[in-house]
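# Structure at a glance
The lines below spell out each chain.
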Amino acid sequence: MNFWLMKSEPDTFSIDDLKRKKREAWDGVRNYQARNFMRDGMRVGDGVFFYHSNCAEPGIAGLAEVASDAYPDPSQFDPKSKYFDPGSSRDNPRWMLVDVKFTRKLKRTITLDELKNHAKLAEMALLRKGNRLSVMPVDAKDWKYILELE
DNA sequence: GCCAACGTTGGC
DNA sequence: GCCAACGTTGGC
């Protein structure tokens, strides 16, 4: 079992939205590295930190679970979607996604600011300077450590 | 709204 | 293959 962190802007799709919908196709990822993590790294049942980005209180807001294998992101084929990619084709899709299933909200959001204050987490991909990936792996030891902060 | 960091694009 | 220009991310 592996662990991941997935960013979402709460104004667009928050942990409460996932709670209400129970399950969601994680569409719109248009970064090759993030795609590769979903396509090659994720397995059903893997743990996911649901991270709120670009908002008043950035941080880990809840837990989710990988709920499907990777499959082509339908939005890349839809000319009306803002995620439409004219360079992709159904025969050779460029972008993949997984479904994500709600597990639970954290009792409180563990903020980015708080995470930065823990020296043991300094090597986390999330905290490395300039990191903008929206999907990234989390070490098992960091997963455990962060949950103990809750 | 600003801007640093980074990815992508496209001319050469 | 280089690299300038441009677009996006996301914290602040």
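Residues numbered from 1 in each chain as written. Chains lettered and ligands numbered in written order. Predicted model: local features only at pLDDT ≥ 70, side-chain atom pairs only at ≥ 80, totals over all residues. Heavy atoms only, no water.

Going by an unreviewed UniProt entry, chain A carries the name EVE domain-containing protein and comes from Dyella acidiphila.

A few words on the pattern of salt bridges. As enumerated under the stated definition, the model contains 14 salt bridges in all. Notably, a salt bridge pairs Lys 107 with Glu 150, separated by 3.8 Å at the nearest N-O pair. In this pair, Lys 107 is assigned in strand E7 (residues 99–111) and Glu 150 in the segment after helix H4 (140–147), connecting sequence segments 43 residues apart. Here the salt bridges do not stand alone but share partners, grouping Arg 104, Lys 107 and Glu 150 into one network. (Salt bridge = Lys/Arg side-chain N within 4 Å of Asp/Glu carboxyl O. Helix = DSSP H or I, 4+ residues; strand = E, 2+ residues; numbered from the N terminus.)

To continue, consider the sheet that holds strand E2 (residues 23–25). One open sheet holds the six strands; their spatial order is E2-E7-E4-E3-E1-E8, and the pairing between them is mixed. Because the sheet does not close on itself, it has two edges, and the strands there are E2 and strand E8 (135–138). Between one strand axis and the next, the sheet turns through 35° on average, direction left out of account. Pairing of strand E3 (residues 47–52) with strand E4 (residues 59–66) involves six bridges; the strand directions are antiparallel. Across the sheet, residue His 52 finds its bridge partner in E4, namely Gly 59. Relative to E8, helix H2 (residues 32–41) is tilted by about 55°, and along the sheet it contacts strand E1 (3–8) and E8. (Pairing = 2+ DSSP bridges. Axes fitted to C-alpha atoms, helices over the stretch in contact; angles between N-to-C directions. Contact = heavy atoms within 4.5 Å.)

Turning next to the pairing of E4. The side chains of a regular strand alternate between both faces of the sheet. Among the eight residues in E4, seven count as buried, and that is most of the element. In terms of strand pairing, E4 meets E7 through seven bridges, oriented antiparallel. Within E7, the residue paired with Gly 59 across the bridge is Thr 111. (Buried < 20%, exposed > 50% of the residue type's maximum accessible area, 1.4 Å probe, protein only.)

Neighbouring residues of DNA strand B: Tyr 32, Lys 129, Gly 130 and Arg 132. In DNA strand B, the atoms that sit within 4 Å of the protein are 62% sugar and phosphate, with bases accounting for the remainder. Lys 129 is positioned such that a nitrogen or oxygen atom in its backbone is 3.1 Å from a phosphate oxygen of DNA strand B. Between Arg 132 and DNA strand B, the recorded distance is 2.7 Å, taken from a side-chain N or O atom to a base oxygen. (Near = heavy atom within 4 Å. Polar contact = N/O pair within 3.5 Å; in protein donor to acceptor, adjacent residues only side chain to side chain.)

Take the packing of aromatic side chains next. Tallying each qualifying case throughout the model produces six aromatic pairs. Taking the centre distance of 6.4 Å and the plane angle of 40° together, the rings of Phe 13 and Phe 50 count as tilted. Note that Phe 13 is positioned in the loop between E1 and helix H1 (15–21) and Phe 50 in strand E3, a separation of 37 residues in sequence. Across this residue pair, the class does not change: Phe 13 and Phe 50 are buried. Seen in terms of ring centroids, Tyr 32 and Trp 95 are 4.7 Å apart; in terms of plane orientation they differ by 35°. Their pairing is tilted. (Phe/Tyr/Trp six-rings, centres within 6.5 Å; stacked < 30°, edge-to-face > 60°.)

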